[in-house]
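Below are the chains, spelled out letter by letter.
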Amino acid sequence: MISFRSTTLRESLRMEGTGLFLGNRATVVVHPGSSGLRLRSSNEWIEIAPEHVTTAERCTAVAGVRLVEHLLSALGGAGVTDVDIEVDGPEVPILDGSSAPWFEAIQGIGLIEQDPTRAFEVEREVTVAEGDAYVSVGPGDGVFRAVYERYPFPGRLEFSHRWEPATYGFEVAPARTFAAEEDVKRMQSEGLLSGGTTENALVFGQTGYFTACRFDDEPARHKVLDCMGDMMLCGIPLRFLNASAERSGHRLHIAAARALRLATRRLE
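Residues numbered from 1 in each chain as written. Predicted model: local features only at pLDDT ≥ 70, side-chain atom pairs only at ≥ 80, totals over all residues. Heavy atoms only, no water.

A. Representation of the packing of helix H1 (residues 69-78) against helix H2 (residues 100-109) in the model. For the pair H1 and H2, the least separation of the axes is 8 Å and the interaxial angle reads 40°. Of the possible angle classes, the one that applies to H1 and H2 is oblique. The chirality of how H1 crosses H2 is right-handed. For the pair H1 and H2, contact is made by His 70, Leu 71, Ala 74, Leu 75, Gly 77 and Ala 78 and by Trp 102, Phe 103, Ile 106 and Gln 107, respectively. Of the residues that constitute the contact of H1 with H2, the class distribution is 7 nonpolar, 3 polar and no charged. (Axes fitted to C-alpha atoms, helices over the stretch in contact; angles between N-to-C directions. Helix = DSSP H or I, 4+ residues; strand = E, 2+ residues; numbered from the N terminus. Parallel < 35°, antiparallel > 145°, perpendicular 65-115°, else oblique. Left-handed = near helix turned anticlockwise from the far one by under 90°. Contact = heavy atoms within 4.5 Å. Nonpolar A, V, L, I, M, F, W, Y, C, P; charged D, E, K, R; others polar.)

Put into structure tokens, the structure is as follows:
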């Protein structure tokens, strides 16, 4: 059985910036909450859950708002379970391409625990796969592992992180979103990446990184960041989960989160 008190922000957090895909300016306000994770859409509060994901291609979108995963990852990395999020644009700002600005702001505001206690029973670990890619997630002690592969560069990268806010802040949060040169060109031809810069994205080619990396294995670390953000849709604090993602993306992450929700029972 998983049992915990909900945790939220001491006060509201506000951040402004440019969206990665469409280049629109947006303001995000994250309010203290008591009803899990919610996103305001069309004057309604929508639960941030797998059934409300509107796309998982290249990012995770909930109720039509893209790129929620970096913010969710920062919330989960800090131990937050309950907030109400308002976004006045089509996507959450990319900021520096990582979850570090969100995490640092959350840490600066501080957290509070709330009553009553919530309890869940997870029946089993679940696995979803597609070809040689898979994601497994189940009850655990906060270990998140990801493998990223692309040849000839950067080859096979693997990174593991055990949930702990202090280590999340320097091991995971600074890892930025990334793309291979050919993928960048293709998305630009589709009218995307208007907000992409050499500061908020790590780009690489056949032989190396075109922009300065923060870690040699930064893509694998960002995969862990994304996986942690997407697993927040399960409704269970990250410290009670273990997840392993090999050669996967948001689509498989969300499928795994959906499968785990179906294997979970809330205890009254």
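B. Broad picture of the sheet that holds strand E17 (residues 264-267). Reading across the sheet, the 3 strands line up as E1-E9-E17 and stay open at both edges, with antiparallel pairing between neighbours. The open sheet has two free edges, formed respectively by strand E1 (2-9) and E17, since each of these has just one partner strand. The average angle at which neighbouring strand axes cross in this sheet is 45°, direction not considered. Note that strand E9 (residues 111-122) and E17 share 4 bridges and pair antiparallel. By the bridge assignment for E17, Ala 119 is matched with Leu 267. (Pairing = 2+ DSSP bridges.)

C. Looking closely at the sheet that holds strand E11 (residues 133-139). The strand order E10-E11-E16-E12-E13 describes an open sheet built from 5 strands, whose pairing is mixed. Bordering the open sheet on either side are strand E10 (126-130) and strand E13 (155-162), each of which pairs with just one other strand. Each strand of the sheet is rotated relative to its neighbour by a mean of 5°, with strand direction disregarded. As paired strands, E11 and strand E16 (residues 241-246) are joined by 6 bridges and run antiparallel to one another. Within the sheet, the bridge partner assigned to Val 137 lies in E16 and is Ala 243. Lying on the sheet, helix H5 (residues 218-231) is in contact with E11, strand E12 (143-150), E13 and E16; it crosses E12 at an angle near 130°. Helix-sheet contacts for helix H6 (residues 250-262) involve E10, E11 and E16, and the interaxial angle to E10 is about 150°.

D. The arrangement of H2 in detail. Taken residue by residue, H2 has Ala 100, Trp 102, Phe 103, Ile 106 and Ile 109 as its buried positions. Buried residues along H2 sit in contact with E1, strand E2 (13-18), strand E3 (25-32), H1, E9 and helix H3 (165-171). The positive-phi residue at the C-terminal boundary of H2 is Gly 110, with phi of around 95°. (Buried < 20%, exposed > 50% of the residue type's maximum accessible area, 1.4 Å probe, protein only.)

E. A look at the pairing of E9. Bridge analysis of E1 against E9 gives 8 bridges, and the strand direction is antiparallel. In the sheet register, Ser 3 faces E9, and the bridge partner there is Ala 119.

F. Highlighting unusual backbone geometry. Following Tyr 151, the chain continues into Pro 152 via a peptide bond in cis, with omega recorded as 5°. Tracing the backbone shows Pro 152 in the loop between E12 and E13. Between Phe 153 and Pro 154 the backbone carries a cis peptide bond, its omega angle lying at 5°. Phi is positive for Leu 95, which is not a glycine, with a value near 55°. When you line up the elements, Leu 95 lands in the loop between strand E8 (83-87) and H2. When its relative accessible area of 21% is taken as the criterion, Leu 95 is described as partly exposed. Located in the positive-phi region is Arg 247, a residue other than glycine, with phi close to 55°. Judged by its relative accessible area of 26%, Arg 247 falls in the partly exposed class.

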